[in-house]
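Close look at the chain arrangement
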Amino acid sequence: MTGSPLNATAAAELVADDGNGAIVTFVGVVRDGNAGRRVLWLDYEAYAPLAVKAFARIAGEAAERWPSVRLAIQHRTGRVDIGEPSVVIAAAAPHRAEAFAASRFAIERIKQIAPIWKHEHFEGGEVWIEGATADPHDTAARDTAFERAWS
Amino acid sequence: MTGSPLNATAAAELVADDGNGAIVTFVGVVRDGNAGRRVLWLDYEAYAPLAVKAFARIAGEAAERWPSVRLAIQHRTGRVDIGEPSVVIAAAAPHRAEAFAASRFAIERIKQIAPIWKHEHFEGGEVWIEGATADPHDTAARDTAFERAWS
Amino acid sequence: MVVTIRLFARLREIAGASELRRELPEPATAGTAWAALAAEFPPLADYATAVSCAVNEEYARFGAALQDGDEVAFLPPVSGG
Amino acid sequence: MVVTIRLFARLREIAGASELRRELPEPATAGTAWAALAAEFPPLADYATAVSCAVNEEYARFGAALQDGDEVAFLPPVSGG
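I will try to describe carefully the structure that is included in this document. (Residues numbered from 1 in each chain as written. Chains lettered and ligands numbered in written order. Predicted model: local features only at pLDDT ≥ 70, side-chain atom pairs only at ≥ 80, totals over all residues. Heavy atoms only, no water.)

Quick word on the relation of the copies chain B and chain A
Mapping chain B onto chain A calls for a rotation angle of 180 degrees and an axial translation of 0.0 Å; the resulting RMSD is 0.0 Å. The relationship between the two copies is best expressed as a two-fold rotation axis. Taking the C-alpha atom as reference, chain B places Thr25(B) closest to the rotation axis, 2.5 Å from it. (Least-squares fit on C-alpha atoms with pLDDT ≥ 70 in both.)

Section: the interface of chain B and chain A
Facing 30 residues of chain B, the contacting portion of chain A comprises 30 residues. Taken together, both faces of the contact between chain B and chain A bury some 2,400 Å²; the carbon and sulfur share is 54%. Run the count over chain B and chain A and you get two salt bridges. The closest approach of N and O atoms between Glu108(B) and Arg96(A), which form a salt bridge, is 2.8 Å. Taken together, the links from chain B to chain A amount to 10 residue pairs in polar contact (both at pLDDT 80 or more). Elements with a contribution of two residues or more to the side of chain B that touches chain A: strand 1 (22-29) and helix 3 (96-113) of chain B. Its residues placed into classes, the side of chain B that touches chain A shows 12 nonpolar, 10 polar and eight charged. In terms of strand pairing, strand 1 (residues 22-29) of chain A meets strand 1 of chain B through seven bridges, oriented antiparallel. Looking across to strand 1 of chain B, one finds that Val24(A) is bridged to Phe26(B). (Contact = heavy atoms within 4.5 Å. Buried area = accessible area lost by both parts, 1.4 Å probe. Salt bridge = Lys/Arg side-chain N within 4 Å of Asp/Glu carboxyl O. Polar contact = N/O pair within 3.5 Å; in protein donor to acceptor, adjacent residues only side chain to side chain. Helix = DSSP H or I, 4+ residues; strand = E, 2+ residues; numbered from the N terminus. Nonpolar A, V, L, I, M, F, W, Y, C, P; charged D, E, K, R; others polar. Pairing = 2+ DSSP bridges.)

Some points on the interface of chain C and chain A
Listed per partner, the contact involves 26 residues of chain C and 31 residues of chain A. Approximately 2,300 Å² of surface area, both sides summed, lies buried where chain C meets chain A, with 53% of it carried by carbon and sulfur atoms. Considering only the side of chain C, the residues that lose the most area to chain A are Tyr59(C), Val78(C) and Gly81(C), jointly responsible for 31% of the buried surface there. Inspection of the chain C/chain A interface yields three salt bridges. Close ionic contact of Arg61(C) with Asp135(A) constitutes a salt bridge, the shortest N to O distance being 3.7 Å. On inspection of chain C and its partner chain A, the count reaches 20 residue pairs in polar contact (both at pLDDT 80 or more). Elements that contribute at least two residues to the side of chain C that touches chain A include exactly strand 1 (2-7), helix 1 (9-15), strand 3 (52-55), strand 4 (58-60) and strand 5 (71-75) of chain C. In terms of residue class, the side of chain C that touches chain A is built from 13 nonpolar, five polar and eight charged.

What is shown is where atoms sit, not what they do.
As structure tokens, this is what we get:
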């Protein structure tokens, strides 16, 4: 969790390893539009210590399913302008299937359980985006994330 | 196609766009082992003009399936040492599902139809790696790539 | 007992504070802390079925017992990523 | 007619050249060019069912007709990525 610009290259370097043949990096970027609104920027609020623990939980869940995967997660707080990254996930594995799956799993799971909130500033107003009720023990939600990642 | 080190950041910047919320970058890296052999380095040979056309075909196939996706593909020729990238694919889209799918599709398809060959130098010898018989008109192979990318 | 209550995003705006200290009758749970808060700030009731909670920086159930000095956080639906 | 033949990877090693110019009796196809080459370099026969071909830098069928001056390439199974 950081208030500074994210660095996808640094995340990828963290997980690189001579035995890993695949690195998949997911970068979530602030878009200029959402639900028909012209977005100006986003402000991210977070419960940072719990967010870091949520990321560790997500990495643990991924490691249980794909033991060879190494995962790095970065997430912004504060104002993030259009075109800037709000989240970076790097997943490395010996083979590509696991790297793709772990990266996708992580972003699905972040949206489910990371205590982070988008405050959208759009042309004409602002709104808190509210997605999922966070419950890390909801195994159905976790399984949905696994299914989206690997099917 | 290039004999110089690949740059994942540059590939991601090529596809970035203010309307795109997701950028998925796949980096294929030379591993230190393969099929029980201790790999020292790989030499990539390519039929470069046809490889570039194959990448354009792959981008076209991806665009037909996911019209909002922008794709960039870089591939090395020549000697690539352990831990160095041999291929970089950046896929950007408004939403993450398409970006993940297009990136995965592209690497599956490269392995099917790009006229590129790995010459593996391992401890004790060297060997040409031979994978798929390239046939861009084989729709069953293409559909397998689509299925791996999106199911 | 006295607990620290942390609020985020829209909940923070409704209460007008990101952190509150409140005295609760014993025995107290995260759920009784939420009920006291919702009585104090009625618009919080909209979140009754959607709110999550954490005690001392770990996700917890609303039935989790609180101790004097605990930090209990209430979280509206999340939207990271 | 005279065509340029391009060979890659193991095929190149078997023939000892990445590029050859060969005269072919007309009418010629990519398939007849391959047959002539396999007669000249018998180990190429191992690739009879696995080889692909391209004519003038486009993938082609073995039945594709060749013209004088064409470039025909023979490709062993690929292994990019």
